Amino acid sequence: MYFLTRSKELSDRSGGSLIYSLQPAIDSQKMYLDDKVDFIFSSVPSNSILFIDGPIIAGDVYTHLVSKFPGFHERNIVPCFFVKNSDSNMVIDNIEEVRGRYNSDLHWSYSVLRDGQRSCFFKYVDRNNARNTKIFCYIKAFGVSPLRVEFYTTSFEKYSNNITNILNLIYYLLLVQGNPRNPQIRPIAIAEAYARETLKIVNFEQTMRSVGLKPTMNQERFAW
């Protein structure tokens, strides 16, 4: 658990309990990401498919994640990312036939896909940095909002012969979860349940006050 502060004086006086940072929001995300990647590398066996809840490219530190992909590939780990809530409009803004007809890409994919279908693959490349790239598609199950599945482009290219099998597995895990109110693959749904229960056994307020911190805002929030 980390506490970051912009106050150099407080950091020096804390005896190591407070970490000095000029950008606490960004640095805390980087530390969180480093911890998560270290956990993955120490826990996930080689030759695995890794399901990650959330988009590849998001926030200010996504480039930090991109730099980790060679390490995944060296261990033959295939990262797959899942997005179930998004107002992305990459598809509807770039295909003339559907431009202006839908509110978002999820709206478009929900309207055109039947249950059990997926869309074609789309490739996104950042115009300013070609390193930031991904390939994604939408999968619909249960007659509810589709799920976006993303692969980093190098992952997609390296494991192209197995992508169809991976998507079949993803759809199977959607069916096994079988919950239209939570259209998520079963391993992630189980992980979310464990995460919620884990938060109940950690007393964040007590931990914060044990290092002498007091809230200075009307509402206390904990970033990670």
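Here goes a summary of the coordinates provided. (Residues numbered from 1 in each chain as written. Predicted model: local features only at pLDDT ≥ 70, side-chain atom pairs only at ≥ 80, totals over all residues. Heavy atoms only, no water.)

### As for the sheet that holds strand E6 (residues 133–139)
Then, in step 1: A sheet is described by the order of its strands in space; here 5 strands give the open sequence E3-E4-E7-E6-E5, paired in mixed fashion. The two strands at the open ends of the sheet, each matched to only one other strand, are strand E3 (49–53) and strand E5 (122–125). For this sheet, the mean inter-axis angle between neighbouring strands, taken without regard to orientation, is 30 degrees.
Then, in step 2: Where E6 meets strand E7 (residues 147–152), 6 bridges bridge the pair, whose relative direction is antiparallel. Among the inter-strand pairings, Lys134 is bridged to a residue of E7, identified as Tyr152.
Then, in step 3: Of the strands in this sheet, E3, strand E4 (78–83), E6 and E7 are in contact with helix H7 (residues 163–177), which crosses E7 at around 145 degrees. (Pairing = 2+ DSSP bridges. Helix = DSSP H or I, 4+ residues; strand = E, 2+ residues; numbered from the N terminus. Axes fitted to C-alpha atoms, helices over the stretch in contact; angles between N-to-C directions. Contact = heavy atoms within 4.5 Å.)

### Quick notes on helix H5 (residues 105–112)
Then, in step 1: Of all the residues in H5, the buried ones are Asp105, Leu106, Trp108 and Ser109. Buried residues of H5, viewed axially, fall in a sector of 160 degrees; they line one side.
Then, in step 2: Turning to H5, the residues buried within the fold contact E5 and E6. (Buried < 20%, exposed > 50% of the residue type's maximum accessible area, 1.4 Å probe, protein only. Arc of directions from axis to C-beta.)

### So, the packing of H7 against helix H8 (residues 186–200)
Then, in step 1: Contact pair H7 / H8: the axes reach a minimum separation of 7 Å and the direction vectors enclose 50 degrees. The orientation of H7 relative to H8 falls into the category oblique. Between H7, through Leu173, Val176 and Gln177, and H8, the contact on the second element is made entirely by Arg186, Pro187 and Ala189.
Then, in step 2: Residue composition of the contact of H7 with H8, by class: 4 nonpolar, 1 polar and 1 charged. (Parallel < 35°, antiparallel > 145°, perpendicular 65-115°, else oblique. Nonpolar A, V, L, I, M, F, W, Y, C, P; charged D, E, K, R; others polar.)

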